[in-house]
Amino acid sequence: MSQAIDLRDRRGQLRVSERFVSRQGEGSLTGTESSFIRLSGCNLRCWFCDTPYASWEPDGQWVSRDELVEWATAAGPAHVVLTGGEPLLPISVVELCQAIRHAGLHLTIETAATVDRPVHCDLLSISPKTSGSAPSLERFADRDPRIGERWIEAHHRRRWQPQVIESLISRAGDYQIKFVIDRQQETEEVLAAIDELGAPPEKVWIMPQAATPEALDAQQDWVRQWCESQGFRYCDRAHLRWYGAVRGT
């Protein structure tokens, strides 16, 4: 399992895991046709990560900012989604965001909000990680256990950065906060996080941890009921229902 990639030494280029056109499957723009740019590399190691090829085992090619903007402009949709991995790791992402918006495209950034960059976007889609997202040592069984211990410590230290969230929100045209929850015991932690941020309920989306439509269905009843009781918005994972858990969707 690879270490997180330091992308800061290739200014003007970014490591891209994949580019594709699809429909947004989560949050306020669900169903919107969009061009997705998935950057590779992540500073967290969530056990349930559904894009390990951009985090646990990051892959991809180095692509220039100009090439990415040209691709997004020619792809067709007016909406671009910059995602990862953690797309705010590379310094060059600031210039990429500027160029995408200068091209007249609507930009969504999907981030765990653990890295502050002076980026501007139309929609900031923040997905802070709860303590239950941390990996276990078993996930590092094929490596020196000290590597696993360091990653677990780093994950917990990095996963919740309210000051970074507030800073990123201050430069966004709009924002939404999406929490992934796996167990009912996590609801109190989520409530405490929302209270610390002072986020209004209508900006909060709650999504069950699930990798299949069947798993979504098994979780959605209690998650929906809890959302309704708090004034939050339930977040389905529509792309799983449309396409399944496959790359390029």
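For the structure, check the block above.
Every chain's residues receive numbers from 1 upward, in the order its sequence appears when written. Residue-level local features of this predicted model are given only where pLDDT is at least 70; pairs of side-chain atoms are given and counted only at 80 or more, and the full residue set underlies all totals for whole chains, interfaces and linings. Side-chain metrics in this entry use all non-hydrogen atoms of the structure; hydrogen atoms and water are not considered.

1. Side note on a nonpolar patch on the surface
To keep things clear, this is the line we draw: Think of a patch as exposed residues, more than 30% relative accessible area, with no salt bridge, where like charges cluster within 9 Å and nonpolar side chains (Val, Leu, Ile, Met, Phe, Trp, Tyr) cluster within 5 Å. Using the Shrake-Rupley algorithm and a 1.4 Å probe, accessible areas are obtained, with residue cover drawn only from the displayed protein chains. Think of a salt bridge as a Lys or Arg side-chain nitrogen and an Asp or Glu carboxyl oxygen that are within 4 Å of each other. A run of H or I in DSSP becomes a helix once it reaches four residues, and a run of E becomes a strand once it reaches two; helices and strands are each numbered from the N terminus. Accessibility here uses a 1.4 Å probe with only protein chains present; expressed as a share of the type maximum, an area under 20% marks a residue as buried, one over 50% as exposed, and anything in between as partly exposed.
Nonpolar side chains collect at one region of the surface, where Trp242, Tyr243 and Val246 lie side by side and expose about 260 Å² of accessible area between them. Here Tyr243 lies in helix α7 (residues 238–243). A residue is classified by how much of its surface remains accessible, and Tyr243, at 33% relative accessible area, is partly exposed.

2. Details of the sheet that holds strand β1 (residues 13–23)
To be explicit about the condition: DSSP-based pairing: two strands are paired if at least 2 bridges between them are found.
Taken in spatial order, the nine strands line up as β3-β1-β2-β4-β5-β6-β7-β8-β9 in an open sheet, and their pairing is mixed. A strand with exactly one partner marks an edge of an open sheet, and here the two such strands are β3 (61–64) and β9 (233–234). In the sheet, strand β7 (residues 175–181) pairs with strand β8 (residues 204–208) via five bridges, with the strands oriented parallel. Directly across from Phe179, in β8, lies its bridge partner Ile206.

3. Some words on the layout of surface pockets
Rule in force here: With a 1 Å grid laid over protein atoms only, a set of points is called a cavity when a 1.4 Å probe fits there but cannot get out and a pocket when it is open yet has protein on both sides within 12 Å along at least five of seven lines; lining residues have an atom within 4 Å of a point. Grid points are joined across faces, edges and corners, and a volume is the space filled by probe spheres set on the points.
Considering only enclosed or pocket space, the largest pocket measures out at about 920 Å³ in volume. Lining the largest pocket we find 43 residues, and of these Arg38, Asp50, Thr51, Gly84 and Arg237 sit closest to its centre.

4. Observations regarding the pairing of strand β5 (residues 106–111)
Put simply, the rule reads: Handedness rule for crossovers: strands pointing away from the viewer, path from the first strand over the helix to the second running clockwise, crossover right-handed.
Along β5, five of the six residues are buried, which leaves the element largely enclosed by surrounding structure. In terms of strand pairing, strand β4 (residues 79–83) meets β5 through four bridges, oriented parallel. Note that in β5 the partner of Leu82 across the bridge is Ile109. At this point the chain moves from β4, through helix α2 (residues 93–102), to the parallel β5, and the crossover so formed is right-handed. Pairing analysis gives four bridges linking β5 to strand β6 (residues 123–126), with the strands arranged parallel. Looking at the pairing, Thr108 lines up with Leu123 of β6.

5. Digging into the pattern of salt bridges
Applying the stated criterion across every chain, the model contains 17 salt bridges. Residue Arg65 pairs with Asp66 through a salt bridge whose shortest N-O separation is 3.1 Å. Measuring nitrogen to oxygen at the nearest pair gives 2.6 Å for the salt bridge that ties Arg146 to Asp144. By relative accessible area, which is 29% here, Asp144 ends up partly exposed. The network of salt bridges with common partners includes Glu18, Arg38, Asp59 and Arg247.

6. Quick word on helix α3 (residues 145–158)
The test is simple: Multiplying 1.5 Å by the residue count of a helix minus one yields the expected span of that helix. Arc, as used here, means the arc of the directions from the helix axis to the C-beta atoms.
For α3, built from 14 residues, the straight-helix expectation of 20 Å at 1.5 Å per residue is met to within 8% by its first-to-last C-alpha distance of 20 Å. Within α3 the residues assigned to the buried category are Ile147, Gly148, Trp151, Ile152, Ala154 and His155. Along the axis of α3, the buried residues cluster in a sector spanning 165°; they form a single face. Exposed side of α3, more than 90 degrees from the buried face: Arg146 and Arg150 are the residues found there.

7. Observations concerning helix α6 (residues 213–230)
Between the first and last C-alpha of α6 there are 24 Å, a value that for 18 residues agrees with the 26 Å anticipated at 1.5 Å per step. Buried within α6 are the following residues: Leu216, Gln219, Gln220, Trp222, Val223, Trp226 and Cys227. Looking one or two residues beyond α6, the residue adopting positive phi is Gly231, at roughly 80°.

8. With respect to the packing of helix α1 (residues 65–75) against α2
Two quantities define a packed helix pair, namely the angle between the axes and the distance from one axis to the other. Note the threshold: Here an axis means a line fitted to C-alpha atoms, over the contact stretch when the element is a helix, while the angle between two N-to-C directions is reported on a 0 to 180 degree scale. For classification purposes, angles smaller than 35 degrees are called roughly parallel, those larger than 145 roughly antiparallel, those between 65 and 115 roughly perpendicular, and all remaining angles oblique. For any pair of crossing helices, the crossing counts as left-handed if the nearer helix is rotated counterclockwise from the farther one by less than a right angle, and right-handed if it is rotated clockwise. In this analysis, two residues are considered to be in contact whenever any of their non-hydrogen atoms come within 4.5 Å of each other.
Orientation of α1 relative to α2, taken along the N-to-C sense of each, is 30°, at an axis distance of 10 Å. As the angle between them shows, α1 and α2 are arranged roughly parallel. The two elements α1 and α2 meet at a crossing, and its hand is right-handed. Between α1, through Arg65, Leu68 and Val69, and α2, the contact on the second element is made entirely by Glu95, Leu96, Ala99 and Ile100.

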